[in-house]
Amino acid sequence: MATAKFHVSMAEDVLKQVEERGEARSTIITRDLERLYTLYRRALRHVDLSVDEACLITDALNGSLMTADTAHLLWASVEDAIKYEGLQKKWGVDGKALVEKIRGLTEFECMAVIDAAEKFWNNEKYRDQDMRDGIAECFGIDLDQKKEDE
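Heads up: these notes are all about the structure in this document. These numbers were taken from a predicted model, which means no experiment stands behind them.

Turning our attention to a positive patch on the surface. Together, Arg41, Arg42, Arg45 and Lys119 make up a positively charged patch on the protein surface. Checked against the element boundaries, Arg42 lands in helix H2 (residues 25-45).

On the surface, a cluster of negative charge is made up of Glu79, Asp80, Glu85 and Glu100. Per-element accounting of the negative patch gives the leading share, three residues, to helix H4 (residues 74-85). Along the polypeptide, Asp80 turns up in helix H4.

Attention now moves to the packing of aromatic side chains. Centre distance and the angle of the planes are the two values used to describe a pair of aromatic rings. The final tally for this structure, using the stated rule, is four aromatic pairs. Summarising the aromatic geometry, the rings of Tyr37 and Tyr40 are spaced 6.4 Å apart at their centres and angled 40° between planes, so their arrangement reads as tilted. Note that Tyr37 and Tyr40 are positioned in helix H2 at a spacing of three residues, about one turn of the helix. Judged by its relative accessible area of 40%, Tyr37 falls in the partly exposed class. On the numbers, 5.4 Å between centres and 35° between planes, the contact of Tyr40 with Phe108 is tilted. Of this pair, Tyr40 sits in helix H2 while Phe108 is found in helix H7 (residues 107-121), placing the two residues 68 residues apart along the sequence. Relative accessible area serves as the criterion here: at 33%, Phe108 is assigned to the partly exposed category. Three or more aromatic residues joined by ring pairs make a cluster, and in this case those are Tyr37, Tyr40 and Phe108.

Under the definition given, this model contains seven salt bridges. Residue Asp32 pairs with Arg35 through a salt bridge whose shortest N-O separation is 3.6 Å. Within this pair, Asp32 and its partner Arg35 are both found in helix H2, separated by three residues, close to a single helical turn. Note on Asp32: relative accessible area 25%, which makes it partly exposed. On the basis of relative accessible area, Arg35 is assigned to the partly exposed category, the value being 48%. Linked through salt bridges whose partners overlap, the residues forming this network are Arg31, Asp32 and Arg35.

For the rest of this paragraph, the subject is the nonpolar core. When a protein is soluble and globular, its nonpolar side chains tend to lie buried together. Grouped together as the largest cluster of nonpolar side chains are 40 residues, with contacts concentrated most on Ile57, Leu74, Val78, Val113 and Phe139. Looking at this core, the element that brings in the most residues is H7, giving eight residues. Those residues in contact with Leu74, other than ones at most four positions away along the chain, are Ile57, Leu61, Met66, Ile102, Cys110, Val113 and Ile114.

The subject of this paragraph is the state of the cysteines. Enumeration over the complete set of coordinates arrives at zero disulfides. As a non-bridged cysteine, Cys138 has Cys55 as the owner of its nearest cysteine sulfur, 10 Å distant. Taking relative accessible area as the criterion, Cys138 reaches 6% and is therefore assigned buried.

Let's shift gears to the packing of helix H3 (residues 51-61) against H7. One can describe the packing of H3 onto H7 by two numbers: an axis separation of 9 Å at closest approach and a directional angle of 70°. Put simply, H3 runs roughly perpendicular to H7. Packed against H3, whose contacting residues are Ile57, Thr58, Asp59 and Leu61, the element H7 presents Val113, Ile114, Ala117, Phe120 and Trp121 at the interface. Grouping the amino acids of the contact of H3 with H7 by side-chain chemistry returns seven nonpolar, one polar and one charged.

Definitions and cut-offs
Residues numbered from 1 in each chain as written. Predicted model: local features only at pLDDT ≥ 70, side-chain atom pairs only at ≥ 80, totals over all residues. Heavy atoms only, no water. Patch = residues over 30% accessible without salt bridge, like charges linked within 9 Å, V, L, I, M, F, W, Y side chains within 5 Å. Areas by Shrake-Rupley, 256 points an atom, 1.4 Å probe, with all protein chains shown as cover. Salt bridge = Lys/Arg side-chain N within 4 Å of Asp/Glu carboxyl O. Lys, Arg positive; Asp, Glu negative; His and termini not counted. Charge placed at Lys NZ, Arg CZ, Asp CG, Glu CD. Helix = DSSP H or I, 4+ residues; strand = E, 2+ residues; numbered from the N terminus. Phe/Tyr/Trp six-rings, centres within 6.5 Å; stacked < 30°, edge-to-face > 60°. Buried < 20%, exposed > 50% of the residue type's maximum accessible area, 1.4 Å probe, protein only. Core = buried A, V, L, I, M, F, W, Y, C linked by side-chain atoms within 4.5 Å. Contact = heavy atoms within 4.5 Å. Disulfide = S-S within 2.5 Å. Axes fitted to C-alpha atoms, helices over the stretch in contact; angles between N-to-C directions. Parallel < 35°, antiparallel > 145°, perpendicular 65-115°, else oblique. Nonpolar A, V, L, I, M, F, W, Y, C, P; charged D, E, K, R; others polar.

Structure, rendered in structure tokens:
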């Protein structure tokens, strides 16, 4: 695997946690990020969202900064966006049912959903395509399979 070298800055408390895992900082950071992203992909498989529900969530999170400490409040962010921005109408989604679905997610599943939405908003490649296609890719939603299921 090719390796890219670059400078990274991190909070001292995070650096301390990296250093607690060994001296090879670069290897540890790479390993841990690989683990995290793999777990996010696996968690998203357990989150049964339609592409329109994922679009609504992603739309609701546009410009939001959610942390590990606020991820469990994803449902509230989505509920507010539905209430104040009318996103349930825009995406043709039952807003109340979606909020309840999100409330049933684990904290880690919420983090995976947030990560997928951030991946969409922070990657220019999705700007030149239909939003649903980009969202489906970020959330691991197979649009062909969803059509067969309907």
